[in-house]
Each structure stands twice: as C-alpha cells, then as structure tokens.
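Understanding the architecture of this molecule
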Amino acid sequence: MKPVEWLGDRLKIIDQSRLPDKVVYLELKNYHGVISAIVELKVRGAPAIGIAAAYGIALGAMSLKSAGVKQFDKEFQRILREFAASRPTAVNLFYAIDKMRQAAAGVSSIEGAKKKLLLAAETIRKHEESAMRRLSKNGSALIKDGWTILTHCNTGSLATGTTYGTALGVIKAAGEQGKKIRVFADETRPVLQGARLTTWELIQEGIPVTLITDNMAGYLMSRGLIDCAIVGADRIAANGDTANKIGTYSVAVLCKENRVPFYVAAPLSSIDINIRSGRDIIIEDRNPDEVTSIRGIRIAPEGVQVMNPAFDVTPHKYISAIITEKSIIKKPYKLSISKLFEEEI
Ligand code: MRU
C-alpha cells in the first residue's frame with residue numbers, strides 16, 4: 001500500500017475519508033488540492049500530513065511563474081502560510097514547512113529552488129520511512145508474546161505514509177517477530193479512524209483485532225483484558241505532554257487506574273522542543289457536523305450545541321515510555337527529550 005506517492009508532477013494519495021468501503025486513489029495536480037485533502041482528512045495522521053505537505057509545497061513552487069527570485073520567494077512564502085493554516089496541531093506539518101523553507105533559502109535561481117524543494121520533500125519521506133521502521137523495531141521489544149494491546153485512532157501506513165507506522169508499526173513489528181498478539185481498537189469517534197482504518201490495516205496484516213467503542217476500554221481494563229496501550233502523537237512538548245486524537249487522555253487515565261502501561265510511539269519529527277508543556281499546544285476545533293452526523297447520517301437534533309476538539313493532551317505523568325527511532329525514553333521526560341535532541345535529527 002502506498003498511501004502517499006509522488007508521481008513526478010502530481011501527488012497520488014489514498015482518500016482515507018472513503019475507507020474502508022471504497023479504496024479510491026486521488027491524483028492531486030495542484031497545491032490547493034493537497035491543502036484541501038489535508039483539511040478534509042483525505043490524508044491524515046501527523047507524519048503523513050508532513051510528507052503530503054512537503055510534496056504539496058514542492059508542487060506549489062513548481063507551478064510558480066515568477067518574474068525573478070525575489071518575486072518567487074514572496075509567492076513561495078505565501079504557499080507556506082497557506083499550508084500552515086491547514087491543520088494546527090500536528091507538528092509534523094510545521095516540521096515539513098520549516099525543512100522546505102530552509103531548502104529554498106538563499107538559492108540563486110528559480111529552477112534551482114524548484115529542484116531543491118523536490119529533493120527536500122523526497123528526503124522528508126525517506127527520513128520518515130526509516131524513522132518509522134526503527135521506532136517500530138525499538139518498540140516491539142516492549143511487547144511480550146501473548147499480549148493484548150489497546151490502541152486509539154489510526155497510526156499505521158495510512159497515518160504515516162510509510163511501511164510501518166507509529167503505534168501500529170510497533171504492533172506490526174511485534175507480529176513479524178512471531179509474537180502472538182491481539183489488538184483492541186477503539187472506534188475513535190467522531191470520524192472513526194479506529195473503526196474504519198485501524199481494523200482495515202490490521203486485518204490486512206493478519207493481526208487479530210477486535211473493535212470496541214471508545215467507552216468500553218475501562219471495562220476491558222478492569223477485567224484484566226489489556227496488557228498495554230500504545231498510541232501515536234501529533235505533538236509532544238519538551239516535557240513529554242502529548243497531544244493525540246481526542247480520547248487518548250481518557251485511555252491514559254484508565255491505564256493509570258488499572259496499572260496498565262501506557263506507551264506513546266512517535267518519530268522525533270513529532271516532538272516540538274520549542275513548546276514547554278502541553279498547555280501551549282493549539283488544539284484544532286473541527287466542524288460540528290462530524291459530531292452530529294456519522295458518515296452523512298444525522299444522529300442529533302437540529303440546533304443542538306456541539307464541541308468538536310480533534311485532539312487532547314495527555315500529561316507526561318501518565319506516559320510509561322515514549323518510543324522513538326533513536327531510543328525508548330522514560331521519565332523525567334524533560335531531561336530524556338533534551339538528550340534525544342543533543343545530536344541533530
Ligand atoms: O485527525 P487525525 O486523524 O489526523 O489524527 C491522527 C492522530 O491523532 C494520530 O494518532 C497521530 O497523528 C499519530 S499517527 C502516526
């Protein structure tokens with residue numbers, strides 16, 4: 001499966017909003033299409049957003065017909081701002097934007113800038129592929145044969161644009177090592193990334209998966225049916241506080257209460273060392289229709305008041321370990337995270 005693929009002059013993605021009932025590929029020929037795909041969750045998951053945005057930025061730059069380098073730079077900066085406004089929480093988007101800005105900085109010709117931008121997007125994709133492979137292997141060491149794992153949202157190939165993934169990557173790697181594992185997948189309301197995407201990916205991997213609604217996790221834990229929980233991350237602050245799909249915080253608190261290890265799996269590109277704590281992470285508010293309807297079918301009365309925060313923040317005290325491509329880090333996270341960044345990523 002190639003959820004995000006560059007075809008030389010356009011970006012091909014799987015439309016994740018149509019899965020699992022329809023496997024539809026979209027070919028995005030201009031950068032506006034890439035931005036819409038990000039906003040509409042056609043491409044979603046922090047690392048996949050970063051990769052798609054990088055190619056989208058390159059696509060935007062390639063379409064510019066600027067009169068000179070100065071003009072090109074002005075228009076290029078506008079494209080970067082448009083991408084930055086698409087989704088605020090996943091830091092991978094801003095990581096990609098920064099890398100692309102650096103790639104075009106100080107170039108002497110427009111053609112040179114366009115070539116460098118394409119190369120930079122490809123480098124981000126390759127970097128994430130390798131990061132996800134390494135973090136999956138690192139994390140698999142935590143998983144014991146026979147374990148049952150709870151996961152929330154979707155964190156595999158679709159969410160990362162890579163072969164493995166973050167939380168699902170760890171699960172896949174443990175499966176490949178012959179460990180007999182089972183997964184409980186939270187459905188992940190409101191847009192059901194768990195029910196639609198995680199179960200779809202795990203079935204294809206041949207890993208036994210049981211779908212539950214989000215409010216069942218506590219019951220399962222209280223019965224001793226979960227050995228650990230693993231989730232991904234959209235942005236990890238310098239102190240380890242972790243923003244991830246709405247409902248992650250509830251899972252973490254339930255894990256603490258039931259003495260179940262709670263792991264976060266994320267590449268270094270999901271860690272934002274410029275943000276001191278989770279309090280400073282911007283949480284995206286999405287369209288209320290996602291809550292009042294399920295796939296186009298209205299389930300709530302007209303006019304009802306709705307909240308739809310797409311993410312929540314799990315305080316670092318609930319996190320047993322953070323699995324990265326470099327190593328598995330533990331508390332105190334402020335120290336262990338700063339050590340991770342001592343060498344450049
Ligand atoms: O709103 P989404 O579907 O983009 O949210 C995705 C998540 O919350 C994932 O858990 C996170 O991006 C980590 S994916 C590797």
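Above this text is the structure in question.
Residues numbered from 1 in each chain as written. Predicted model: local features only at pLDDT ≥ 70, side-chain atom pairs only at ≥ 80, totals over all residues. Heavy atoms only, no water.

Bringing the overall build of the chain into the picture now. When helices and strands are counted, the chain shows 12 helices and 16 strands. In summary, the chain has a C-alpha radius of gyration of 20 Å against a globular reference of 20 Å for 345 residues, a match within 12%. Across its three principal axes, the chain shows a C-alpha extent of roughly 70 × 50 × 40 Å. The buried share of the chain, reckoned over its 345 residues, is 55%. Partitioning the intrachain contacts of the chain with sequence separation of at least 6 by distance along the chain shows that 74% fall at a separation of at least 24. (Helix = DSSP H or I, 4+ residues; strand = E, 2+ residues; numbered from the N terminus. Rg over C-alpha atoms; globule rule 2.2 N^0.38 Å. Buried < 20%, exposed > 50% of the residue type's maximum accessible area, 1.4 Å probe, protein only. Contact = heavy atoms within 4.5 Å.)

Attention shifts here to the sheet that holds strand β1 (residues 4–6). The 3 strands lie next to each other as β1-β2-β3, forming an open sheet whose pairing is antiparallel. Of all strands in the sheet, those with a lone pairing partner are β1 and β3 (25–28), marking the two edges. Adjacent strand axes in the sheet meet at a mean angle of 20 degrees, parallel and antiparallel pairs treated alike. Across 4 bridges, the pairing between strand β2 (residues 11–14) and β3 is antiparallel. Bridged to I14 within β3 is Y25. Packed onto the sheet, helix α2 (residues 46–63) meets β1, β2 and β3 and runs at close to 30 degrees relative to β1. (Pairing = 2+ DSSP bridges. Axes fitted to C-alpha atoms, helices over the stretch in contact; angles between N-to-C directions.)

In the region of the ligand, 18 residues are neighbours, and R44, R87, Q193, N244 and K245 sit closest. Separating an oxygen atom of the ligand from a backbone N or O atom of G45 is a distance of 3.0 Å. Between D234 and the ligand, the recorded distance is 2.8 Å, taken from a side-chain N or O atom to an oxygen atom. Alone, the ligand offers 410 Å² of accessible surface; in the complex the protein occludes 100% of this. Elements supplying a minimum of two residues to the shell around the ligand: α2, α6 (157–160) and β9 (242–245). Class assignment of the residues belonging to the shell around the ligand gives a composition of 6 nonpolar, 8 polar and 4 charged. A domain split of the shell around the ligand shows at least three residues from each of domain 1 (4–132) and domain 2 (135–344). (Near = heavy atom within 4 Å. Polar contact = N/O pair within 3.5 Å; in protein donor to acceptor, adjacent residues only side chain to side chain. Areas by Shrake-Rupley, 256 points an atom, 1.4 Å probe, with all protein chains shown as cover. Nonpolar A, V, L, I, M, F, W, Y, C, P; charged D, E, K, R; others polar. Domains from an automatic or database assignment.)

Together, K256, R259, K317 and K331 make up a region of like positive charge exposed at the surface. Mapped onto the elements of the fold, R259 is located in the loop between α10 (248–257) and β10 (262–265). Taking the relative accessible area as the measure of exposure, R259 reaches 79% and is therefore exposed. (Patch = residues over 30% accessible without salt bridge, like charges linked within 9 Å, V, L, I, M, F, W, Y side chains within 5 Å. Salt bridge = Lys/Arg side-chain N within 4 Å of Asp/Glu carboxyl O. Lys, Arg positive; Asp, Glu negative; His and termini not counted. Charge placed at Lys NZ, Arg CZ, Asp CG, Glu CD.)

Such coordinate-based values are descriptive only and should not be taken to indicate function.
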